[in-house]
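# Summary of structural features
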Amino acid sequence: MNREGRGATTAHSLALTGPETFTGNRALDLEEGLIFEIGRTEVTGVDIAEPAPFRDRLGTQARTAPLDLPGLSEPEAMRHYVRLSRMNYGIDSGLFPLGSCTMKHNPRLNEKMARLPGFADIHPLQPQSTVKGALGLMAELSRYLLELTGMQAVALTPKAGAHGELCGMMAIKAAHAARGEGEQRHVVLVPESAHGTNPATAALIGYEVRSIPARPDGTVDPEAVKAALGPEVAALMLTNPNTCGLFERDVVAIAEAVHEAGAYFYSDGANFNAILGKVRIADLGVDAMHINLHKTFSTPHGGGGPGAGPVVLSDALAPFAPVPALVATTDGLALVEDEGADGAEQALGRMSAFHGQMGMFVRALAWMLSHGADGMRQASEDAVLSANYIRACLMDLMSAPFADRPAMHEALFDDAWLAGTGLTTLDVAKALIDEGYHPMTVYFPLVVHGAMLIEPTESESKASLDLFIASLRDLALAAKAGDKERFLGAPYYAPRRRLDETRAARTPVLRWTKPAPVADAAE
Ligand SMILES: *Cc1c(COP(=O)(O)O)cnc(C)c1O
C-alpha cells in the first residue's frame, strides 16, 4: 500500500488546467467521429469494374436517389475502427471487476480450437454423417457437465444464461402439466436478492412471481420458503452462491421443503465458477440449473457477445429436455430433431433453431481439458481467494455487509463508508474510470444500499489485485479527506464525461441524421 498518501490532488488539478487541444485529441488518444461524419459519399476503398450490362429485375422498387453511404479509403477505414477499438475497455486491456458477470481471461488456445475448420466451417444444415466430430465434441462436453454437477441430463441448445433459465423453467412447467397440475401450480418463488433474469423468466412463461425476503445475513431462510410454499407453487428459483456472493448454507433444507410441497427446485448456476469441482449440485437437491459456459468456462462475453447456457436436469425433469437431443445410436451419435420421436417422447419443444453455440462448446471444452479436474478445482478456489483478499484489504476503509463470514467469488461493499462525504457509489465508480479501471457493478444486488460488487476471478495475478486494491484505497482516502471535485467531475480523462444514462436508455438516438446544409441553417 505504498501508493497511499501521494500528492494526487496536485496532479489531477494540473491536468484539469491543461490546454484544450486544437484537435480535440489528447496526445496519442485520438478523437474519432462517426463514420457518417468523417466519410465522403464519393469515396470508396475498393475499385470494382462497372458491371457488364445486366437485366434490372427491381422494377419500381429500384432506388432512384443515391444511397449516401459514407466511404473511406482503405487506410482511413482501418484507422477508424482501430481508434474506436482503443476507446473500448475489455478483459484483455485491464482488470474488469464487474460482479455478477465473471469477466475472466479467455486463453488464446480456446480461440485457436474454435477456429479449427472442422468446427468453424461446418453448417447446421449439413448431413449429420458429415459432422460426427462436432457431435462427438458435444457429447464430451455433456459428459463433463454431467460429471461436474452429478445431474442426469443436459440440454445444450440454450444460448445464454437467461435462455437456459427459460429452458429449465419450461421443463418444470412441462413436468407439472404431465402430472395434471399445470393449471393449479401458477406461482414461482424468487428470493429478493435474485438476478433480475429469474423473475423475468418466470413471468415470461406466465407464472406469478412471489418474492421471498432475505434474512439479515443475506441468505434465504428455509422457514420463509416453507411459509410461502403451497399447492399453487410450481418452483423456487434460487441463485447459489447468491448475488451477495454468499453460499446459501440452508440450500439442502430449502430443496427438501420445495420437494415436499410438490414443487421443483431451479438453481441459477451463473455463479458455478465459485464452486466448480467443490460441490456436486445434484447432492443439493437441484432439479434444473443453467450453466453460463461464458462465465464459468472462460470464453469472451459482454456487450451482447455470444454466450451459451446449457441446462442440467434431474431424473424428474430429464424426459422433458428440448430437441434437438443428442443420443447414442448403433450408428454413433445423432441429433433427435422431432418432439415425440424416439428419445424425445416428452420433449418440451425447441429452444433454438439448431444445436446451440458450437464455438462456445469448443472453447468451454478446451478450457476444461487444459485445466483438468485439479485445475478446475483450483480455479474456483483461487477465484474465492481473490475475492476474499480484496475484501480483507479494503474492509478498514470501506464498509462490507455480511462480512462475519468468508465471501465466495465476489467482494460486496455498501455505501455506509461514504456517509458524510457528499459522495455516492456512482461517484466512486466514475472516479475508478479515471484510474484506468472499468467500474465494478454498482447498485446491485438491490438488497444492499449503494452496493459495489467486485468479482476479480482467478485470472488476476496478486500483483494486479494489489494495484487495484491500492487504487481503491487511494480513492477511499481521497473521499474521506473531502476531495469531492475528483469524484463529482469524474471521469475527467474518458473520451466522454458523465452521460445522461437514463435519457440514453429511455430515448436512445440510434439513427444518424444528416445535418441541414449550412445555407439552409442560416435562413
Ligand atoms: C449473468 C447471470 C445471469 C444471466 O446470464 P446471461 O448469459 O447474461 O443471460 C443469470 N443469473 C445470474 C446470477 C447471472 O450472474
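All figures in this text were calculated on a predicted structure; none of them were measured in a lab.

Parameters and conventions
- Residues numbered from 1 in each chain as written.
- Predicted model: local features only at pLDDT ≥ 70, side-chain atom pairs only at ≥ 80, totals over all residues.
- Heavy atoms only, no water.
- Helix = DSSP H or I, 4+ residues; strand = E, 2+ residues; numbered from the N terminus.
- Rg over C-alpha atoms; globule rule 2.2 N^0.38 Å.
- Buried < 20%, exposed > 50% of the residue type's maximum accessible area, 1.4 Å probe, protein only.
- Contact = heavy atoms within 4.5 Å.
- Areas by Shrake-Rupley, 256 points an atom, 1.4 Å probe, with all protein chains shown as cover.
- Lys, Arg positive; Asp, Glu negative; His and termini not counted.
- Charge placed at Lys NZ, Arg CZ, Asp CG, Glu CD.
- Near = heavy atom within 4 Å.
- Polar contact = N/O pair within 3.5 Å; in protein donor to acceptor, adjacent residues only side chain to side chain.
- Axes fitted to C-alpha atoms, helices over the stretch in contact; angles between N-to-C directions.
- Left-handed = near helix turned anticlockwise from the far one by under 90°.
- Nonpolar A, V, L, I, M, F, W, Y, C, P; charged D, E, K, R; others polar.
- Pairing = 2+ DSSP bridges.
- Domains from an automatic or database assignment.
- Buried area = accessible area lost by both parts, 1.4 Å probe.
- Salt bridge = Lys/Arg side-chain N within 4 Å of Asp/Glu carboxyl O.

A separate point is the overall build of the protein chain. Check the secondary structure of the protein chain and you find 17 helices and 12 strands. In summary, the protein chain has a C-alpha radius of gyration of 27 Å against a globular reference of 24 Å for 523 residues, a match within 12%. When each of the 523 residues of the protein chain is scored for burial, the buried share is 47%. Counted over contacts in the protein chain with a minimum sequence separation of 6, partners at least 24 positions apart contribute 71%. Counting every atom, the protein chain has about 26,000 Å² of accessible surface; 57% of that belongs to carbon and sulfur. Separation of charge centres in the protein chain, based on 45 positive and 63 negative side chains, amounts to 3 Å.

Near the ligand there are 13 residues, and of these Gly161, Ala162, Asp268, His294 and Lys295 occur at the shortest range. Within the side chain of histidine 195, one N or O atom sits 3.5 Å away from a nitrogen atom of the ligand. In this structure, asparagine 292 approaches the ligand through a side-chain N or O atom, which is 3.0 Å from an oxygen atom. Contact with the protein chains removes 87% of the 380 Å² of surface that the ligand exposes when unbound. For the shell around the ligand, the secondary-structure elements that each account for two or more residues are helix H7 (161-178) and helix H11 (293-296). The element that contributes the greatest number of residues to the shell around the ligand is H7, accounting for 3 residues.

To continue, consider the packing of helix H12 (residues 358-394) against helix H14 (residues 462-480). Here H12 crosses H14 at 30 degrees, and the two axes come no closer than 10 Å. Relative to H14, H12 is oriented so that their crossing is right-handed. Seen from H12, the contacting residues are Ser386, Tyr389, Ile390, Cys393 and Leu394; seen from H14, they are Lys462, Leu465, Asp466, Phe468, Ile469, Leu472 and Arg473. Its residues placed into classes, the contact of H12 with H14 shows 8 nonpolar, 1 polar and 3 charged.

On the basis of which strands lie adjacent, the open sheet formed by 3 strands has the order E10-E12-E11 and antiparallel pairing. The strands lining the two open edges of the sheet, one partner per strand, are strand E10 (411-413) and strand E11 (441-442). Each of E10 and strand E12 (452-454) is contacted by H12, which is oriented at about 35 degrees to E10, the strand it contacts most.

Domains assigned within the protein chain are domain 1 (25-42 + 70-85), domain 2 (110-366) and domain 3 (373-506). The C-alpha centroid of domain 3 is placed 30 Å from the C-alpha centroid of domain 2. Carbon and sulfur atoms make up 64% of the area that domain 2 and domain 3 hide from each other, which totals about 1,700 Å². For the pair domain 2 and domain 3, the number of links is 1 salt bridge. Between lysine 278 and glutamate 381 there is a salt bridge, and its shortest N-O distance comes to 2.6 Å. Linking domain 2 with domain 3 are 7 residue pairs in polar contact (both at pLDDT 80 or more), by the criterion used here.

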